[in-house]
Every structure is written in structure tokens, then in C-alpha cells.
Amino acid sequence: GSSKSLTLAKVYLQLKGLHIVVMENEDQASMIFNDLSNLVGAKQVLFLPSAYKISIVHGQADNTNLLMRTEVLSKLVGSNTKGIIITFPEAMVEKIVSGKEFRDSILEIAKGEKVSIATIEDILQEYLFENTDFVYRPGQYSIRGSIVDIFSYSHPEPYRLDFFGDEIESIRTFDISSQLSKEQLTEVTIVPNLHESESIANYESVFSIVPAS
């Protein structure tokens with residue numbers, strides 16, 4: 001039953017690097033993803049799904065799937081190319097934004113950086129983020145005094161930026177249900193919905209941005 005997962009886990013733990021596993025269909029890919037998340041650690045495994053709710057409404061984008069696809073893109077164009085990406089043919093044939101377009105369409109924020117809240121808001125509006133009282137899904141942001149909450153398409157949890165004047169004093173993830181802060185971070189990347197961005201001119205195959213080694 002789990003022999004494939006055990007073999008893949010052993011290969012990854014011995015060789016490290018970046019591995020892409022293409023299963024026959026979405027169900028098999030999901031099972032392998034769950035197995036490997038337990039065997040090698042959830043942070044080491046990413047899932048590349050289709051961007052659409054094909055089984056429900058054809059052509060309707062799914063925010064959760066878009067988030068997972070953007071996580072994979074961040075991994076492929078980033079400096080840390082270690083991990084396992086699980087996918088299936090239908091998801092692989094969908095075009096993905098080019099590496100250059102991705103880098104030109106993101107906002108990188110670091111703890112200690114000096115930038116005004118107004119500047120952050122201008123960029124988020126340019127990225128077509130929605131201003132809400134409380135964020136609960138990707139593509140939203142909220143400003144309450146010196147606190148800016150942002151739900152990027154590059155991370156499964158939203159970020160909380162705490163400002164002191166024009167300096168970013170702290171960056172944390174937080175739980176959308178309890179609103180309680182979780183992990184402390186030193187830098188984050190804010191990514192808009194690149195799948196529907198009108199500013200994106202070039203889309204290409206996933207394999208075209210896979211690192212050469």
C-alpha cells in the first residue's frame with residue numbers, strides 16, 4: 001500500500017535536492033502527498049493541484065488550489081530548491097507564470113525594514129488585494145492602527161505586520177479563527193493572484209522553471 005511512499009521518502013532523504021513526483025491522477029497524488037508529509041515532514045512536501053474546481057464548476061478558480069500552486073512556484077524560483085513536489089498530469093499541463101514575471105510581481109518585506117503603511121497599502125491595491133475588516137482568505141488585507149494583516153497567495157496562513165512608525169517591528173503568522181499570533185518570521189513574500197493578473201504577459205510550462213540541477 002505505502003511501498004511507493006516509503007521508497008520515495010528513502011530516495012529523498014538520501015539524495016536531498018528537488019524531486020517532482022507525477023502520479024496517475026489526483027486521488028493517487030493526494031495519498032502520496034499525505035504519506036510523504038508524515039514520513040519526511042510536512043514542510044518538505046508541496047502539492048501542485050489544478051487551479052480549478054473542475055469537478056464542481058468548470059472554469060471556476062479555487063482559492064485553496066491557487067494558493068498551493070503559488071507555493072510551488074515560490075519554491076521553484078526561490079533559492080531553496082530542496083523538497084518534494086507531488087502532482088498529476090492534469091495539473092502539469094496548466095501553464096504557470098514565468099519565473100521572471102513572478103519575480104517582477106511580488107513584494108518582499110523584512111523585519112526592521114522602513115516603509116510606510118500607506119506605501120504597503122498602495123502596492124496591495126495595485127495587486128488587487130481586497131481591504132476587509134478581518135482577513136480570512138488569500139487576496140485580502142486589513143489595516144488596524146499600526147497592524148497590517150495580509151493573506152498572500154504564497155503561504156497557507158496570513159501574515160501580521162506590526163509597525164513602529166515607519167519601521168516593521170515584527171512579522172508573524174496568525175490563525176484566522178482565533179486571530180492569535182503563531183510563528184515569528186524575519187521576512188515574507190507577498191504574492192497576488194498571478195493566475196488572473198492582467199499584468200502577466202507570459203505563461204509557460206512548469207518544467208521550464210524547474211532548476212537544472
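To start, this report covers the structure provided alongside it. (Residues numbered from 1 in each chain as written. Predicted model: local features only at pLDDT ≥ 70, side-chain atom pairs only at ≥ 80, totals over all residues. Heavy atoms only, no water.)

1. What about the sheet that holds strand 2 (residues 45-47)?
Applied cut-off: Two strands pair if DSSP finds at least two bridges between them. Starting at the N terminus, helices and strands are each numbered in turn, a helix being any DSSP run of H or I of at least four residues and a strand any DSSP run of E of at least two. Helix axes use the C-alpha atoms of the stretch in contact, all axes being lines fitted to C-alpha atoms, and the angles between their N-to-C directions lie in the range 0 to 180 degrees. Here a residue-residue contact requires only that any non-hydrogen atoms of the pair lie within 4.5 Å.
Pairing is parallel across the open sheet formed by three strands, whose spatial order is 1-3-2. Of all strands in the sheet, those with a lone pairing partner are strand 1 (18-22) and strand 2, marking the two edges. Averaged over all pairs of adjacent strands, the angle between their axes in this sheet comes to 20 degrees, without regard to strand direction. Note that strand 1 and strand 3 (residues 83-87) share five bridges and pair parallel. Bridge pairing in strand 3 places I20 opposite I85. Along the sheet, helix 2 (residues 26-40) contacts strand 2 and strand 3; its crossing angle with strand 2, the most-contacted strand, is approximately 160 degrees. Each of strand 1, strand 2 and strand 3 is contacted by helix 3 (residues 63-77), which is oriented at about 130 degrees to strand 2, the strand it contacts most.

2. Quick look at the pattern of salt bridges
Defined as follows: Only one rule defines a salt bridge in this text: a Lys or Arg side-chain nitrogen within 4 Å of an Asp or Glu carboxyl oxygen. The buried label applies to any residue whose accessible area, calculated with a 1.4 Å probe on protein chains only, is under 20% of its type's maximum; exposed applies above 50%, and partly exposed to all values in between.
Applying the stated rule across the entire model yields six salt bridges. Among the ionic pairs, D149 bridges to R144, the shortest N-O distance being 3.1 Å. On the basis of relative accessibility, which here comes to 30%, the residue R144 falls in the partly exposed class. One connected set of salt bridges, linked through shared partners, spans R144, D149 and R160.

3. A word on the packing of helix 1 (residues 3-15) against helix 2
The following threshold applies: The labels follow the angle: roughly parallel below 35 degrees, roughly antiparallel above 145, roughly perpendicular from 65 to 115, and oblique for the rest. We call a crossing left-handed when the near helix sits turned anticlockwise from the far one by less than a right angle, and right-handed when that turn is clockwise. Under the grouping applied here, Gly and all other residues not named as nonpolar or charged are polar, the nonpolar ones being Ala, Val, Leu, Ile, Met, Phe, Trp, Tyr, Cys and Pro and the charged ones Asp, Glu, Lys and Arg.
Put simply, helix 1 and helix 2 touch, their axes get as near as 9 Å, and they point 45 degrees apart. Relative to helix 2, helix 1 is oriented oblique. Our pair here, helix 1 against helix 2, has a crossing hand that is right-handed. Every residue of helix 2 that contacts helix 1 at K4, S5, L6, L8, A9, Y12 and L13 is listed here: I32, D35, L36, L39 and V40. The residue makeup of the contact of helix 1 with helix 2, split by class, is nine nonpolar, one polar and two charged.

4. Some details on unusual backbone geometry
It is generally the case that most residues other than glycine have a negative phi and that most peptide bonds are trans. Of note in the backbone geometry, L128 takes a positive phi value of approximately 70 degrees without being a glycine. Positionally, L128 belongs in the loop between helix 6 (117-126) and strand 6 (130-131). A positive phi is found at Q179, a non-glycine position, where the angle reads about 65 degrees. In this structure, Q179 sits in the loop between strand 10 (167-174) and strand 11 (181-185). Using a relative accessible area of 22% as the deciding quantity, one classes Q179 as partly exposed.

5. Observations concerning the side chain of S50
This is how it is decided: Within 3.5 Å is the distance limit for a polar contact, defined as a pair of N or O atoms, with the added protein rule that one can donate a hydrogen and the other accept it, and that residues adjacent in sequence qualify only through two side-chain atoms.
Residue position: S50 is located in the loop between strand 2 and helix 3. Here E94 takes part through its side chain, which lies 2.5 Å from a polar atom of the side chain of S50. Setting aside residues no more than four positions away along its own chain, S50 makes contact with N65, R69, F88, A91 and E94.

6. Notes on the nonpolar core
To keep it simple, the criterion reads: The criterion is simple. A nonpolar core is a set of buried Ala, Val, Leu, Ile, Met, Phe, Trp, Tyr and Cys residues joined through side-chain atoms within 4.5 Å.
Core analysis: the largest hydrophobic core is formed by 19 residues, its most contacted members being I109, I120, I150, L161, F163 and I190. Residue assignment for this core shows that the elements contributing at least two residues are strand 5 (107-110), helix 6, strand 8 (147-151), strand 9 (159-164), strand 10 and strand 12 (187-190). Here I109 is in contact with I120, L161, I168, I171, T186, E187, V188 and I190, once residues within four sequence places are set aside. Within the second largest apolar cluster, 16 residues are counted, among which are L46, L48, V77 and I85.

7. With respect to helix 2
The condition is simple: In this scheme, a helix's expected span is set at 1.5 Å multiplied by one less than its residue total. Picture the helix axis, draw a direction to every C-beta atom, and the arc is the one those directions span.
Over its 15 residues, helix 2 extends 21 Å from the first C-alpha to the last, a length consistent with the 21 Å expected when each residue adds 1.5 Å. For helix 2, the complete set of buried residues consists of A29, I32, L36, S37 and V40. Taken around the axis of helix 2, the buried residues stretch over an arc of 140 degrees, which confines them to a single face. In helix 2, the exposed positions angled more than 90 degrees off the buried face are occupied by D27, M31 and N38. Regarding helix 2, its N-cap is N25, as a side-chain oxygen of that residue lies 3.2 Å from the backbone nitrogen of D27 further along. Where helix 2 terminates, the next one or two residues include G41, which has phi positive at roughly 105 degrees.

Keep in mind that these numbers describe shape and distance, not what the molecule does.
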